[in-house]
Amino acid sequence: MNKGFIESVFGYIGGVCLFLWTIITKLYQVPRSFKLIVNQIVSMGIGSLPIVVVVSLFMGMVTAYQAALQVGGYMPESYLGMAVAKALMIELGPLLTGLIVAGRVSSSLAAEIGTMKVTEQIDALESLAVDPIRYLAMPRFVSGLISLPILTVISELVGFFGGGLCAVLLFDIRPIVYIEGLRVNYFPHELWGGLLKALCFGFVIALMGTYYGFTTKGGAEGVGKAATKAVVSASILILFFDFLIAWIVF
Amino acid sequence: MIEIENLYKSFNGNDVLKGLSLKVKEGETTAVIGRSGCGKSVLLKHIIGLLRPDKGDVWVDGQNVKKLKRNELYKLRLKMGVVFQSSALLDSLSVGENVALGLTENIRISRARVREIVLEKLSLVELEGVEHKRISELSGGMKKRVAVARALAVNPSYILYDEPTTALDPITARTINELMLSLKKKIRITGIVVTHDMESAFYVADRIAMLHDGKIIFDGTPMEVQTTSDPIVQRFVKGGGKY
């Protein structure tokens, strides 16, 4: 394999790890950055809520519809709720929320910080004795870790509701039967495994967004490239961690 | 005092600074002139510790910048205000929040006192009633003034201007020159002005140093700059026009 390629891969991994370590060393300053973290949770979490709700509603509906259509004749009605609950909790809730937020937030983090980099705003922070990693990266990182699990729980609840709507309106299943079905064969590790995925996805989204923002070079073109790279790498890592956690937990 | 000794810096094999030495005396304003891309901004970034020299030293108040730990460097930076070429105001914050940033992030201070300082510094740069405005609502000249107010908020001993009149119309540029001069008289601050605008250099500087080919090739008073026989300085000064 090409030596330059191997060097660049290890250089990239080393760069990301070093950047992550720099953020970790600032975590003790979380209390001091409380306001910045809250602002980021509002922007990252609450800002993503409408799209997450809309997507989750339809995701729940289509999950219920397909489950009823494919195996409706072979399973009791109460199992429809179970199929929706398992699909959403284990896989679809965290994964789709992660991918939606990756598209929306990773790119915006990379573009925002990248623009600050190329317009000397990050140098200005340094000149004011304000650590840019503590001021910009750490609050976004922490808010990613907090926002994603919360958004995922909301996504799953909305998805359950969407699935219920579909079951009641299209397949004449009584609401109580659907709700009872959500609890059939429930194992707590399915919920915790899904939330672990969400935590991991929040980590990946914030890390990729801030990393590519801080390593932006050039002008507007560089900012555009950074935003694209942030989304692509966050999406790939989300799918990788989705598989890895599924393999370890389930 | 700021003292730069035998500074070397290269980027990707391109030598930008090749043994630059310069002294900036207390209370004086020194203009560093030179062609675009000759390394003037690189020099400023070395003084505030944003770049590390390949060789040589930068001394600020007896401290060697490259040997300072991060927290020591941040303490030193509080003694220096920087006005960036692009103003570099944080567009996610209001004017007042920009001016207050160095204070709120570094010093334990009441909100009322912060507000008092913000208004005082904005008034010093002749900008009143703009503290709630967004950065996008300001003109280029106003942004420069806010950047100066932000640089002055922590009462620094030094102020460094990076191309303060670049991209401004002649009238606004003159206003900024007058502002730099009035600040020097009012608060007796030591300044470094990096510029290729000779009008600006002659107007505000006590000393003018010319950076050419990675070194300071001339250092003298504005009068000495005008009377020197050095052909490189002469060509640059005449090309730059008279004030």
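Residues numbered from 1 in each chain as written. Chains lettered and ligands numbered in written order. Predicted model: local features only at pLDDT ≥ 70, side-chain atom pairs only at ≥ 80, totals over all residues. Heavy atoms only, no water.

Under an unreviewed UniProt entry, the name given to chain B is ABC transporter ATP-binding protein, and the source organism is candidate division WOR-3 bacterium JGI_Cruoil_03_44_89.

In the nomenclature of an unreviewed UniProt entry, chain A is known as ABC transporter permease of candidate division WOR-3 bacterium JGI_Cruoil_03_44_89. Per UniProt, chain A carries the Subcellular location (unreviewed entry) text "Membrane". Within the UniProt record for chain A, the comment given under Sequence similarities (unreviewed entry) is "Belongs to the MlaE permease family." (UniProt positions renumbered as here; feature names shortened; annotations may be inferred.)

Enquirer: Is there a simple way to think about the packing of aromatic side chains in this case?
Expert: In this description, an aromatic ring pair is defined by two values, namely the gap between the centres and the angle between the planes. As enumerated under the stated definition, the model contains nine aromatic pairs over all chains in all. Ring geometry for Y12 of chain A versus Y211 of chain A: centroids 6.0 Å apart, planes at 80°, classification edge-to-face. Separated by 199 residues along the polypeptide, Y12 of chain A in helix 1 (residues 3-24) and Y211 of chain A in helix 7 (residues 188-214) bring together distant segments of the chain. Given the relative accessible area of 32%, Y12 of chain A is considered partly exposed. Ring-pair connections join several aromatic residues into one group, and the members of that group are Y12, F19, Y211, Y212 and F214 of chain A. Its guanidinium or amino end placed over the ring of Y8 of chain B, K55 of chain B lies 4.8 Å from that ring's centre, counting from NZ or CZ. (Phe/Tyr/Trp six-rings, centres within 6.5 Å; stacked < 30°, edge-to-face > 60°. Helix = DSSP H or I, 4+ residues; strand = E, 2+ residues; numbered from the N terminus. Buried < 20%, exposed > 50% of the residue type's maximum accessible area, 1.4 Å probe, protein only. Lys NZ or Arg CZ within 6 Å of the ring centre and 35° of its normal.)

Enquirer: What should I look at first to understand the interface of chain B and chain A in this one?
Expert: By a widely used convention, the size of an interface equals the accessible area lost when the partners come together. Counting from both sides, the interface comprises 23 residues of chain B and, opposite them, 17 residues of chain A. Of the roughly 1800 Å² buried between chain B and chain A, counting both surfaces, carbon and sulfur atoms make up 52%. When the area that chain B buries against chain A is broken down by residue, the three leading residues are Y74, L90 and E105 of chain B, summing to 29%. Run the count over chain B and chain A and you get six salt bridges. The residue E126 of chain A makes a salt bridge to R70 of chain B at a minimum N-O spacing of 3.0 Å. Seen at the junction of chain B and chain A, the total is nine residue pairs in polar contact (both at pLDDT 80 or more). Where the side of chain B that touches chain A is concerned, the elements lending two or more residues are helix 2 (70-77), strand 6 (80-83) and helix 3 (95-104) of chain B. (Contact = heavy atoms within 4.5 Å. Buried area = accessible area lost by both parts, 1.4 Å probe. Salt bridge = Lys/Arg side-chain N within 4 Å of Asp/Glu carboxyl O. Polar contact = N/O pair within 3.5 Å; in protein donor to acceptor, adjacent residues only side chain to side chain.)

Enquirer: Is there a simple way to think about the pairing of strand 6 of chain B in this case?
Expert: Both faces of the sheet carry side chains from a regular strand, because those side chains alternate between them. Residues and elements named next belong to chain B. Burial along strand 6 is two-sided: the residues M80 and V82 and G81 and V83 are all buried. The sheet contact formed by strand 6 and strand 7 (residues 158-162) spans four bridges and is parallel. Following the sheet pairing, M80 is matched in strand 7 by Y158. (Pairing = 2+ DSSP bridges.)

Enquirer: Any chance you could explain the sheet that holds strand 6 of chain B here in plain terms?
Expert: In a beta sheet, neighbouring strands pair by backbone hydrogen bonds and run either parallel or antiparallel. All names here are of chain B. Spatially, the six strands line up as an open sheet ordered 6-7-8-3-9-10, and their pairing is mixed. Edge positions in the open sheet fall to strand 6 and strand 10 (215-220), since each of these has one partner strand only. Going from strand to strand, the sheet's axes swing by 15° on average, the running direction of each strand aside. Here strand 9 (residues 207-212) pairs with strand 10 via five bridges, running antiparallel. In the strand pairing of strand 10, M210 is matched with F218. On top of the sheet, helix 5 (residues 140-152) reaches strand 6 and strand 7; it is set at about 170° to strand 6, its chief contact. (Axes fitted to C-alpha atoms, helices over the stretch in contact; angles between N-to-C directions.)

Enquirer: Is there a simple way to explain the pattern of salt bridges in this structure?
Expert: Side chains that differ in charge, positive against negative, can pair when their charged atoms come close. Residue and element names in this part refer to chain A. Across all of its chains, the model carries 24 salt bridges over all chains by this definition. Across the salt bridge formed by K197 and E91, the nearest N and O atoms sit 3.1 Å from each other. With a gap of 106 residues between them, K197 in helix 7 and E91 in helix 3 (residues 78-118) connect regions that are remote in the sequence. Since its relative accessible area comes to 0%, K197 is described here as buried.

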